[in-house]
Amino acid sequence: MIHQSMTSNLSFYISSVSHLSSPLPSLSRLSLRCCSSLPSHDMETKPSQGLYPLHRCKTIHLVRHAQGIHNVEGEKNHKAYLSEDLFDAHLTPLGWQQVDNLHKHVKASGISNSIELVVVSPLLRTLQTAVGTFGGEGYKDGVNTPLLMTAGAGNSDRPAISSLNCPPFIVVESCREHLVCLLFYLLHEWHFLEMKTFAMFLVQGVHPCDRRSNITKYRELFPAIDFSLIETDVDVLWKPDIREEDQDIAARGVKFFNWLSTRKEKEIAVVTHSGFLYQTLNSFGNDCDPSVKNEISKKFVNCELRSFVLVDKCMSSSNPPMTNYP
């Protein structure tokens, strides 16, 4: 977690990066950049309004995936997260109902008409949530448009989903879920366990539900989605006995937001995971009123959407102003 003794006027936000061939940097190179917009002698200044050039801002719609089979089993028994039966967990029937409801919301609110890009984590539950929420209508015979999802993909009873009249979808590894091993839950949920029981479960490693399938398989199920930024077919990031520290996922998340700021699109949807969102968003809002900080960093429920303005304070973006008149 971000060190709590940092003064409230310091804002953690996007750091500058060099041009990368992939948005997924080496985890060992990740770091948060702390920038202060106030002189050091004015550290007690209260939060105030902010004003930024429009062309240095983007609208980001963050979505946590809908209910997956791992959510159901994990709520019954936390040990279920260790089961290989939950490998690359797919959505439940309730999860698909949540997706349908969110799809109706983005249509009614007009969000679906303004989104220029959908960025999605390469796991089955996020891919299903993304195409169900932001994809086109059901496939129709005679329409020569690539499918976003084939019929029945991922143990579902869903019809095929068309890519007609919807934004492009691109998959990015760097917004994957927190690679949490059982230690996390033991510390936060099972504090009443005896030490010998704790030690027995400690060696079990991370959750199979967070290990992705091969990209070759995903390409068959989601033909119109762009997987070109994924560097390996097999999952080389998931480890059976190592968990990603909170500060590492926060750094990875800020790096991911930095990559978003370099994109040309002005309105982007991101479909990702609760752990990733919670740790990343806790890096922001330290220069805001506590109620705003809480609004930014509170945990997401399944299939929740929240919209944010991403402000490029560190000049990461080179996009010129389009509405200014000289």
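Residues numbered from 1 in each chain as written. Predicted model: local features only at pLDDT ≥ 70, side-chain atom pairs only at ≥ 80, totals over all residues. Heavy atoms only, no water.

As recorded by an unreviewed UniProt entry, the protein chain carries the name Histidine phosphatase superfamily clade-1 and is attributed to Arabidopsis thaliana x Arabidopsis arenosa. Its UniProt record gives the protein chain a comment under Sequence similarities (unreviewed entry), which states: "Belongs to the phosphoglycerate mutase family." (UniProt positions renumbered as here; feature names shortened; annotations may be inferred.)

Asks: What is the right way to look at the overall build of the protein chain in this model?
Replies: What the protein chain contains, in helices and strands, is 10 helices and 9 strands. Of all 326 residues assigned to the protein chain, the portion counted as buried reaches 52%. (Helix = DSSP H or I, 4+ residues; strand = E, 2+ residues; numbered from the N terminus. Buried < 20%, exposed > 50% of the residue type's maximum accessible area, 1.4 Å probe, protein only.)

Asks: Explanation requested: helix α2 (residues 93-109) in the structure shown.
Replies: It helps to recall that an α-helix has 3.6 residues per turn; residues three or four apart then point in one direction. Over its 17 residues, α2 runs 25 Å from end to end, which matches the ideal 24 Å to within 8%, given 1.5 Å per residue. Taken together, the buried positions of α2 are Gly-95, Trp-96, Val-99, Leu-102, His-103 and Val-106. Taken around the axis of α2, the buried residues stretch over an arc of 120°, which confines them to a single face. Set apart from the buried face of α2 by more than 90 degrees, the exposed residues are Pro-93, Asn-101, Lys-104 and Ala-108. Buried positions along α2 lie against β3 (57-64), α3 (111-114), α4 (124-134), β5 (147-149) and β9 (305-311). (Expected span 1.5 Å × (residues − 1). Arc of directions from axis to C-beta. Contact = heavy atoms within 4.5 Å.)

Asks: Looking at this structure, I do not really get the sheet that holds strand β7 (residues 169-171). What am I missing?
Replies: Working definition: the strands of a sheet are paired by backbone hydrogen bonds and lie parallel or antiparallel to each other. In spatial order, the strands read β7-β4-β8-β3-β9; together these 5 strands make up an open sheet with mixed pairing. For this open sheet the edge positions go to β7 and β9, each flanked by a neighbour on one side alone. The sheet shows a mean angle of 25° between the axes of neighbouring strands, taken without regard to direction. With 7 bridges joining them, β3 and β9 adopt antiparallel strand pairing. By the bridge assignment for β9, Ile-60 is matched with Phe-308. (Pairing = 2+ DSSP bridges. Axes fitted to C-alpha atoms, helices over the stretch in contact; angles between N-to-C directions.)

Asks: Please explain the pattern of salt bridges as it appears in this structure.
Replies: Pairing between side chains becomes possible if they bear opposite charge and their charged atoms approach one another. This model, assessed by the stated rule, comprises 10 salt bridges. With its nearest N and O atoms 2.5 Å apart, the salt bridge here joins Arg-158 to Asp-100. Placement of the pair is Arg-158 in the loop between β5 and β6 (161-162) and Asp-100 in helix α2, with a sequence separation of 58 residues. Glu-304 serves as the salt-bridge partner of Arg-306, at 2.9 Å between the closest nitrogen and oxygen. With relative accessibility at 19%, the residue Glu-304 sits in the buried group. Linked by salt bridges that have partners in common, Glu-173, Arg-176, Arg-212 and Asp-235 make up one network. (Salt bridge = Lys/Arg side-chain N within 4 Å of Asp/Glu carboxyl O.)

Asks: What is the right way to read the packing of aromatic side chains from this model?
Replies: For any pair of aromatic rings, the description consists of the separation of the ring centres together with the inter-plane angle of the planes. This model, assessed by the stated rule, comprises 5 aromatic pairs. Among the aromatic side chains, those forming a connected cluster through ring pairs are Phe-256, Phe-257, Trp-259, Phe-276 and Phe-284. One Lys or Arg, Arg-211, reaches over the ring of Trp-238 and ends 4.7 Å from the middle of that ring. Above the ring of Phe-300, the side-chain terminus of Arg-306 is found at 3.7 Å from the ring centroid. (Phe/Tyr/Trp six-rings, centres within 6.5 Å; stacked < 30°, edge-to-face > 60°. Lys NZ or Arg CZ within 6 Å of the ring centre and 35° of its normal.)

Asks: When you look at unusual backbone geometry in this model, what are you seeing that I'm missing?
Replies: Note on backbone geometry: most residues besides glycine have negative phi, and most peptide bonds are trans. For Asp-88, which is not glycine, the phi torsion reads 45° and is therefore positive. Backbone geometry places Cys-303, a non-glycine residue, at a positive phi of 65°. Relative to the helices and strands, Cys-303 resides in the loop between α10 (290-297) and β9. The buried category is assigned to Cys-303, whose relative accessible area is 9%.

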